[in-house]
Each structure stands twice: as C-alpha cells, then as structure tokens.
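Now for the letters of each chain:
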Amino acid sequence: MFDWQDLYCFTVLARTGSLSAAARELQVEHATVGRRIDALEKSLGLRLVDRLPRSRPLTEDGLALARLASGMQDIGNGIAQLARVASIEVAGTVKVSAPPSLASHCLAPRMAALREQYPKLNVVLLPSLSLVALDRGEADIALRTVRPEEDALMRRRIGVVRFGLYASAAMSKLPPEQWRFVAYDDSADHLPQQAWLHQVRRHRPVVFSASDLTAQQMAARAGVGAVVLPTIVGDEDAALRRLPVDSAAPVRDIWLTVYPDLRRSPSVKAVMDFLVACVQAEPRLQA
C-alpha cells in the first residue's frame, strides 16, 4: 500500500512541473520531494517521472496517475474547509443545569436574544437544586451555588444570590408573633436559606412544606405563610411583601462550571458567555 503523503507530493509535482516549485509549495527541501516520489514509484512498481538533468517530466504512467489523483487537492481543501466551519460554527445542543430560580427568572427570559444570535444553537435548560454529574454528561455547563471541589473542573464566580423573607400583603400586616411559615421539607435543612428561615422563625410554626420553590411561592401568595425566596423572585412578585427581620439573610455565590475540554467548543463557549451576560445584567445578582 502506498503512502498518501507520497501521493500528495506527486500531485503537487505534477501540477507545478518541477521539484523546486513543488518543494516551495510544500515548504520542504526539494530532495524531500524526490524521496517521496521515489518511495511512491517503489510502492506502486511504476516509473512516474523521467529523471532528466534539469526537469522531471511525467511518464505515461505518471500522466495517467496524475489524472486519477487530480481531485486529491480539491478533496483536501474540502476537508480543511469542513474542519474550519465545524470549529467556528455555533450549532448543536448544549445542556445547562442551573438552580430553578435562576433558570426561570434570569436565564429563560433572555433566551430569545441567544436564539436570535445563534439560530442553529439549541439550549436545554435543566432547573435543579441537585448537583448534576458533568463527568457523566448529565449537563455540559452548570451554574451552582456551591463551590465545585472537583479539581478537573473549570470554575468561575460570576455573581451572588441574595434572599429575603416574603409574605402576602395581608400577612405582612400581622404582628410578627403571628407569622406562619412555608419551607422546604427537612431534607433541605442543609441549605443556608432553609437554616436562616429556621433561625428567623424560632418557635413559630412551619405550616406548609414543598420541595419545589414555585409551590412555596404560590402558597405564600395565597396567605399560607411567609417564605424565603431569592430576591430576584420575591422582589418581582407584586403579590408579596418583603418582611423586616433582625438577622442578615444568607448570600450564596454563583459558580459557572465546565470541563476545560468542553470549554473549547464554540457552542459551549457561546453559551458560557451568554450565562455570564445574563447574571451581569441582573442588578440583584451582583456581588
């Protein structure tokens, strides 16, 4: 079997007409081109060029091979063009995991702008409080409110989530000792915002629990109890009022995380830039 690099050198020689011209185009010594041609002749068992003192004209077999291989340059150029386009085109699917409040109130409302800029890009938004496994492909990029500890991950702090205590207008007029509370179930007691709620409420009861923040918000709107919400959610809800409390609410960092290899993808890079822009455009998320 012949070496394809030898054949490529031969096609350049056939097109340029001389060893020196072929060597200049290939950016090698002309002796290297000669060795490539010798190797190709040996592997094919054909004499492809006549070795004259000042030139290397093609033999009949050389002319026939040159005609057969004439499309090799076009094929090579086409492959190179395909690689260039694939490396710069922003297209395909990128999966993003984010806390539900950020996904619904910060990212989703701005998704149309990303779609307009990159119409071939499809973003799959995965709202979740749990830490998705990036190493298993559950998501390509993650926004987390817990600092990633995996050494292999690229991590960048891009903002903060602030919290407040909110209730319906009717409950906000009650004396604080009569406040009731809405919360996550006990499995979320490790969350700083849940711990803060328990600190604030002291002996006062939690009367409704839900694993979904939107369900908690809807219950608070209906007057069931006071709820801890991110300020980007609670401050925008006209049916709720922020309640005054004595202790400072928690502030959680927002971490953008991705594996470095994926970061090199133009599509992933475009989505990462979009996520950062979304957070930077929201004053309540600024550090």
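Up top you'll find the structure we're talking about.
Quick caveat, the model's predicted, so the values are computed rather than measured.

Student: With reference to specific residues and values, describe the overall build of the protein.
Tutor: Counting its regular elements, the protein contains 13 helices and nine strands. Compactness check: the protein gives a C-alpha radius of gyration of 33 Å against a globular reference of 19 Å for 287 residues, more than 25% above the reference. Projecting the C-alpha coordinates of the protein onto the three principal axes gives extents of approximately 105 × 35 × 25 Å. For the protein, with 287 residues in total, the buried portion stands at 40%. In the protein, once contacts between residues fewer than 6 apart in sequence are set aside, the share between residues at least 24 apart is 72%. Carbon and sulfur atoms make up 53% of the accessible area of the protein, which amounts to about 15600 Å² in all. Computed over 35 positive and 31 negative side-chain charges, the inter-centroid distance for the protein is 4 Å.

Student: Outline the side chain of T59, supporting the account with residue identities and numerical values.
Tutor: When you line up the elements, T59 lands in the loop between α3 (30-44) and α4 (60-68). For T59, a relative accessible area of 7% gives the class buried. Within the local environment of T59, its side chain forms a polar contact with the backbone oxygen of R47, the two atoms lying 2.6 Å apart. Those residues in contact with T59 that lie beyond four places of it in its chain are R47, L48, V49 and D50.

Student: I'd like a description of unusual backbone geometry, backed by residues and values.
Tutor: The backbone of Q27 shows a phi angle near 60°, a positive value even though the residue is not glycine. Positionally, Q27 belongs in the loop between α2 (19-26) and α3. Judged by its relative accessible area of 73%, Q27 falls in the exposed class. With a phi angle near 55°, R202 is a residue other than glycine that sits in the positive phi range. Structurally, R202 can be placed in the loop between α9 (192-201) and β6 (206-209).

Student: Tell me what's going on with the packing of α2 against α3, and back it up with residues and numbers.
Tutor: Contact geometry for α2 and α3: axes closest at 8 Å, N-to-C directions at 105°. Regarding the angle of α2 to α3, the classification is roughly perpendicular. Within the contact between the two elements, α2 uses L19, S20, A22, A23 and L26 and α3 uses H30, V33 and G34. Per-class residue counts for the contact of α2 with α3 are five nonpolar, three polar and no charged.

Student: Residue-level account of the pairing of strand β4 (residues 154-168), with values.
Tutor: By the criterion of burial, β4 is predominantly enclosed, with 11 of the 15 residues buried. Pairing analysis gives eight bridges linking β4 to strand β9 (residues 251-258), with the strands arranged antiparallel. Bridge pairing in β9 links V160 to D253. Bridge analysis of β4 against strand β7 (residues 226-230) gives four bridges, and the strand direction is antiparallel. In the sheet register, L165 faces β7, and the bridge partner there is V228. Taken together, the three bridges between β4 and strand β8 (residues 240-242) define a ladder with antiparallel strand orientation. Looking at β8, one finds that Y166 is bridged to R242.

Student: Any details on the environment of A64? Residues and values, ideally.
Tutor: Tracing the backbone through its elements, the reader meets A64 in helix α4. Judged by relative accessible area, which is 29%, A64 ranks as partly exposed. For the pair A64 and L48, spaced 16 residues apart in the sequence, the C-alpha separation amounts to 9.2 Å.

So, how was this worked out
- Residues numbered from 1 in each chain as written.
- Predicted model: local features only at pLDDT ≥ 70, side-chain atom pairs only at ≥ 80, totals over all residues.
- Heavy atoms only, no water.
- Helix = DSSP H or I, 4+ residues; strand = E, 2+ residues; numbered from the N terminus.
- Rg over C-alpha atoms; globule rule 2.2 N^0.38 Å.
- Buried < 20%, exposed > 50% of the residue type's maximum accessible area, 1.4 Å probe, protein only.
- Contact = heavy atoms within 4.5 Å.
- Areas by Shrake-Rupley, 256 points an atom, 1.4 Å probe, with all protein chains shown as cover.
- Lys, Arg positive; Asp, Glu negative; His and termini not counted.
- Charge placed at Lys NZ, Arg CZ, Asp CG, Glu CD.
- Polar contact = N/O pair within 3.5 Å; in protein donor to acceptor, adjacent residues only side chain to side chain.
- Axes fitted to C-alpha atoms, helices over the stretch in contact; angles between N-to-C directions.
- Parallel < 35°, antiparallel > 145°, perpendicular 65-115°, else oblique.
- Nonpolar A, V, L, I, M, F, W, Y, C, P; charged D, E, K, R; others polar.
- Pairing = 2+ DSSP bridges.

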